[in-house]
Amino acid sequence: MGSKTWADLAAEMKMFLWNPEERTCLGRTAKSWGLILLFYFVFYTCLAGMFAFCLYVVLLTLSPYTPTYRDRVSPPGVMIRPYVNGFTIAFNVSQPNTWQPYVDSMHHFLAAYDDKVQEEKNIECVSGQYFIQGGNESEEKKACQFKRSLLQNCSGIEDPTFGYSKGQPCILLKMNRIIGYRPGAGVPVSVDCKVQKGNESDLRSVDFYPGNGTFDLMYYPYYGKMTHVNYTSPLVAMHFTDVKKGNLVHIQCSLNGKGIINNLNSDRFLGRIIFTLSIGK
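The structure displayed is predicted, hence computed values, not measured ones.

Quick notes on the sheet that holds strand β5 (residues 203-209)
Inference 1: If you walk across this open sheet you meet the 4 strands as β1-β3-β7-β5, and the pairing is antiparallel. A strand with exactly one partner marks an edge of an open sheet, and here the two such strands are β1 (78-81) and β5. Averaged over all adjacent pairs, the angle separating strand axes in this sheet is 30°, with direction ignored.
Inference 2: Relative to strand β7 (residues 235-243), β5 runs antiparallel, the two being bridged by 6 bridges. Its bridge partner lying in β7, L203 is registered against V243.
Inference 3: Sheet strands touched by helix α3 (residues 96-110): β1, β3 (170-175) and β7. Its angle to β3, the strand with the most contacts, is close to 40°.

As structure tokens, this is what we get:
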């Protein structure tokens, strides 16, 4: 057999695409094409229907207000403010441009805690007890007032620089929100700070606000952003009034209370946070 020419190949391809004698396209008649297309239409329609049904059943088991599984988010982690360039807060007291970004970050973060804003949106609650709200889970929940004035020397009201202009910086600590979580098992969770590594005398004095540095129970439990729309997380302000200047001071601030885990080496944010202070003249 001799090799086929390009003309022969083109003729065969043309015949394959459309055979006028057998009236076939790509080797199939119109009836054959109709049957196979009908089969695949029914097949994929059934698959899509099964997928939609399974998705519908799964959605019936989920609540838009409360996560079904929350075993991996308790107990809470913590975070600090200001958070500008990671977990190292470094500045020189005599150079305002080095500490002004921290001050601006603090004012921006605390805007939602302004006393007037809190008085307009939230209510006064009874201190020392959980604020448990019943009713349908879809009902909007009330939120307790947390005014920035509670932070006293770290509120930014009397000292708009939050102590940074004096080399005595304020740092805010907040717990991560967990729906339904009641920290401390009826006893307020407290905060303490210490030198994480290095000379303990590098950190000589820390003041805590409000009060003695506790998270009041009245701000818990949290009901989720869909219903607890005006909720503002409670804060503890840490005023580092006497830190050794000119050194990198590694500090660990921890939550303390029943059910709190703060010593897990694999997670530096679970119940504690580690950061560095470097204050120059």
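Focus on the pattern of salt bridges
Inference 1: For the coordinates displayed, the defined rule picks out 3 salt bridges.
Inference 2: Among the salt bridges present, the one from D114 reaches R148, with a minimum N-O distance of 2.7 Å. Within this pair, whereas D114 is found in the loop between α3 and α4 (115-121), its partner R148 is found in the loop between α4 and β3, the two being separated by 34 residues in sequence.
Inference 3: Residue R148 is classed as buried on the basis of its relative accessible area, which comes to 8%.

Section: α3
Inference 1: The terminal C-alpha atoms of α3, which comprises 15 residues, lie 20 Å apart, in line with the 21 Å expected from a rise of 1.5 Å per residue.
Inference 2: Turning to α3, its buried residues are W99, Y102, V103, S105, M106, F109 and L110. Buried residues of α3, viewed axially, fall in a sector of 160°; they line one side. In α3, the exposed positions that point more than 90 degrees away from the buried face belong to N97 and H108.
Inference 3: Looking at the buried side of α3, the elements it contacts are β1, β2 (88-92), β3 and β7.

What to know about the state of the cysteines
Inference 1: Per the counting criterion, the structure on display carries 3 disulfides.
Inference 2: Across a sulfur-sulfur distance of 2.0 Å, C154 and C170 are joined as a disulfide pair. Residues C154 and C170 are joined through a disulfide that is left-handed, its torsion about the S-S bond being -75°. Residue C154 is located in the loop between α4 and β3, and its partner C170 is located in strand β3; the two are separated by 16 residues in the primary sequence.
Inference 3: Look at C154 and you get buried, because its relative accessible area is 0%.
Inference 4: Taking the relative accessible area as the measure of exposure, C170 reaches 0% and is therefore buried.

Side note on the packing of aromatic side chains
Inference 1: Throughout the structure, instances matching the rule amount to 14 aromatic pairs.
Inference 2: Seen from their ring centres, Y102 and Y164 are 5.8 Å apart, and the 15° between their planes marks the pair as stacked. Remark: Y164 occurs in the loop between α4 and β3 and Y102 occurs in helix α3; sequence separation between them is 62 residues. The pair formed by Y102 and Y164 is uniform in burial state, with each residue classed as buried.
Inference 3: Arranged with centres 5.8 Å apart and planes meeting at 40°, the rings of F109 and Y113 form a pair that is tilted.
Inference 4: For F109, a relative accessible area of 17% puts it in the buried group.
Inference 5: Judged by its relative accessible area of 4%, Y113 is buried.
Inference 6: An aromatic cluster is defined as three or more aromatic residues linked by ring pairs; in this entry it consists of F39, Y40, F43 and Y44.
Inference 7: When the ring centre of Y223 is taken as reference, the NZ or CZ atom of K141 above it lies at 5.3 Å.
Inference 8: Looking at R182, its charged tip hangs above the ring of Y130, at a distance of 6.0 Å from the centre.

A closer look at the UniProt feature "transmembrane region" (unreviewed entry) in the protein
Inference 1: In the numbering used here, UniProt assigns the "transmembrane region" (unreviewed entry) feature to residues 37-62.
Inference 2: End-to-end, the C-alpha atoms of residues 37-62 are 38 Å apart, and along that stretch the chain is 92% helix and 0% strand.

Observations concerning the environment of P183
Inference 1: Here P183 lies in the loop between β3 and β4 (189-197).
Inference 2: The class of P183 is buried, set by a relative accessible area of 1%.
Inference 3: Along the chain, P183 and F146 lie 37 residues apart, while their C-alpha atoms are 17 Å from each other.
Inference 4: Once residues within four sequence positions are removed from consideration, P183 is found in contact with Y130, M175, V189, L217 and Y220.

Rules used throughout
- Residues numbered from 1 in each chain as written.
- Predicted model: local features only at pLDDT ≥ 70, side-chain atom pairs only at ≥ 80, totals over all residues.
- Heavy atoms only, no water.
- Pairing = 2+ DSSP bridges.
- Helix = DSSP H or I, 4+ residues; strand = E, 2+ residues; numbered from the N terminus.
- Axes fitted to C-alpha atoms, helices over the stretch in contact; angles between N-to-C directions.
- Contact = heavy atoms within 4.5 Å.
- Salt bridge = Lys/Arg side-chain N within 4 Å of Asp/Glu carboxyl O.
- Buried < 20%, exposed > 50% of the residue type's maximum accessible area, 1.4 Å probe, protein only.
- Expected span 1.5 Å × (residues − 1).
- Arc of directions from axis to C-beta.
- Disulfide = S-S within 2.5 Å.
- Phe/Tyr/Trp six-rings, centres within 6.5 Å; stacked < 30°, edge-to-face > 60°.
- Lys NZ or Arg CZ within 6 Å of the ring centre and 35° of its normal.
- UniProt positions renumbered as here; feature names shortened; annotations may be inferred.

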